[in-house]
Every structure is written in structure tokens, then in C-alpha cells.
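As a plain string of letters, each chain reads:
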Amino acid sequence: QQTAIALLGATGAPPAVRLLTQMLQDLLSGKLPPELRLDVLEAARRQPTSLHRVLLGAYESRLSASDPLARYRPALSGGNAATGREVFRNHVNAQCVRCHEAGGEGHQAGPVLAGIGKRVTPEYLLEALVDPNARLAEGYATVTLTLQDGETLEGILLRQTEQQVTLRPATGGIAEVPRSKIVRQDTSTQSAMPPMGEVLTPFELRDVLAYLGSLK
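Residues numbered from 1 in each chain as written. Predicted model: local features only at pLDDT ≥ 70, side-chain atom pairs only at ≥ 80, totals over all residues. Heavy atoms only, no water.

Let's shift gears to the nonpolar core. Core analysis: the largest hydrophobic core is formed by 20 residues, its most contacted members being L126, L129, V130, L200, L205, L209 and L212. Ranked by residues supplied to this core, first place goes to helix α9 (residues 202–213) with five residues. Setting aside anything within four residues of it in sequence, one finds L209 in contact with A75, L76, P122, L125, L126 and L129. In this structure, A16, L28, V40 and L56 belong to the second largest nonpolar core, which totals 17 residues. (Core = buried A, V, L, I, M, F, W, Y, C linked by side-chain atoms within 4.5 Å. Buried < 20%, exposed > 50% of the residue type's maximum accessible area, 1.4 Å probe, protein only. Helix = DSSP H or I, 4+ residues; strand = E, 2+ residues; numbered from the N terminus. Contact = heavy atoms within 4.5 Å.)

Encoded structure:
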């Protein structure tokens, strides 16, 4: 059904326009299955007839202005976990594995995701992806070190001892800085992860959510 809806959005043939219009009306009335909502919305955006624009406007006007996740919620259902795994592991811009599976034991620069699907809700995962600053995982804030020579070094704190601080800088790799060289250490409230709603397509976001939810 998802593939068929995508095809509807790629043609301006009257039967396709009528069917897509009916699906938009079903979406507005709550009759459309959750697994198809994103597909119908994106197909209508690709084939914006005047009626589709009106229906899309009606849908968007109902989104809660106080809910930062509102426009992303259609991605909560209908994703493909296998496809999401490929996005997670291989997407050039998102680079999820750079922080979540990088360096092996002791060098994990992001929260451990094994079993995440049974520990948190889909809504929690969606928020973590599109608004990573909303709820920083403990121990994964960004740290800035000011060194004796005036240089600053910023990265994810991997570990610290009385002798040194180990970071993963945004440029990659591992930086082990002796305490004797550190003048000041500051912790940021900003996540090092970019908002994935700005990096991934809506369909990629949906598939990554399905993949993370399958990690049980």
C-alpha cells in the first residue's frame, strides 16, 4: 500500500488525484491507518492540486503548536526496520554509528542502544532524534576543555580520571588530555547530535524509528 501511494503522488492522472484526495479526507477524519499517514501526506505534497493544498492546510492547522513533535508523529508508524538499519549504519550525513557504535568498549560516544526498544517508548525515541537537546542522556553532554596554551578542545566526554580526560572531538578520533594541561573544564547543555529531522528524509526517519524500536 505504501508503494502504491507513492505512485499516486507521482502522477497527475484524474483517478490518482481522486484516490489521493479520498485518502487525505480519511486522514482528516481519523479513518486512515497510522502506517499510511506519512505516505499520504508526502504523496499529496508531491502532487499539490488546489484541493490537496486545502486538505493539507486543514491537517497542518490541527497540529498542536505546543507539541514540538507534532509534525513528525506520522513517522511513528509504518517504518521498515531492515531499511532503518541500513540508514543507521550507512547514511553519509547522519553518521549514527560514528557515536553509537564507535571505538568499541570504553569509547562509546553516545548512549548504548542495545535493548533501547524495550526501555523507552516510540515517542521518546522520536524526541531523541528530532529534538536531542530536550533530554540529554546522562553522561553524554559536550565538554569543552581550555588548555594552558590557550587552545580549546570540545567533544563528548568518554571518561576521566585524576590523571587525564578522554574526549571524542567533533572531528573524530580520540583525544586524551593530561589534567596538568587543562586550565578549565565546562559542560554544555547542548547535545552533540544534530536534529535528525533536518538530516533525514521523513521516510528515513520513520525507518530509523522502526529499527531502534526493534532493538529489544
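Here the focus is the packing of aromatic side chains. With the rule as written, the count across this model stands at one aromatic pair. Seen in terms of ring centroids, F88 and Y211 are 5.5 Å apart; in terms of plane orientation they differ by 50°. Their pairing is tilted. Here F88, found in helix α5 (residues 81–90), pairs with Y211, found in helix α9; they are 123 residues apart in sequence, far enough to count as distant. (Phe/Tyr/Trp six-rings, centres within 6.5 Å; stacked < 30°, edge-to-face > 60°.)

With that settled, consider the packing of helix α8 (residues 122–130) against α9. Two elements in contact, α8 and α9, have axes separated by 10 Å at closest approach and are oriented at 130°. Comparing the axis directions of α8 and α9 gives the class oblique. The element α8 and its partner α9 pack so that their crossing is right-handed. Contacts from P122, L125, L126, L129 and V130 of α8 reach α9 at L205, V208, L209, L212 and G213. Classifying every residue of the contact of α8 with α9 gives nine nonpolar, one polar and no charged. (Axes fitted to C-alpha atoms, helices over the stretch in contact; angles between N-to-C directions. Parallel < 35°, antiparallel > 145°, perpendicular 65-115°, else oblique. Left-handed = near helix turned anticlockwise from the far one by under 90°. Nonpolar A, V, L, I, M, F, W, Y, C, P; charged D, E, K, R; others polar.)

Quick look at the pattern of salt bridges now. For the structure shown, the criterion picks out seven salt bridges. The partner of R45 in a salt bridge is E42, and the shortest N-O contact between them spans 2.7 Å. Of the two residues, R45 and E42 are both situated in helix α3 (residues 34–46); the distance of three residues between them amounts to about one turn of the helix. We note a salt bridge from D186 to R184, for which the minimum N-O separation is 2.9 Å. For D186, a relative accessible area of 27% gives the class partly exposed. Take R184: its relative accessible area is 51%, and that puts it in the exposed class. Each of E42, R45 and E60 takes part in one network of salt bridges that share partners. (Salt bridge = Lys/Arg side-chain N within 4 Å of Asp/Glu carboxyl O.)

What follows deals with α5. Turning to α5, its buried residues number three or more, namely G84, V87 and F88. On an axial view of α5, the arc spanned by its buried residues comes to 100°, and they lie on one face. Every exposed residue of α5 that faces more than 90 degrees away from the buried side is listed here: A82 and N90. Summarising the contacts, the buried residues of α5 are in contact with α6 (96–100) and α9. (Arc of directions from axis to C-beta.)

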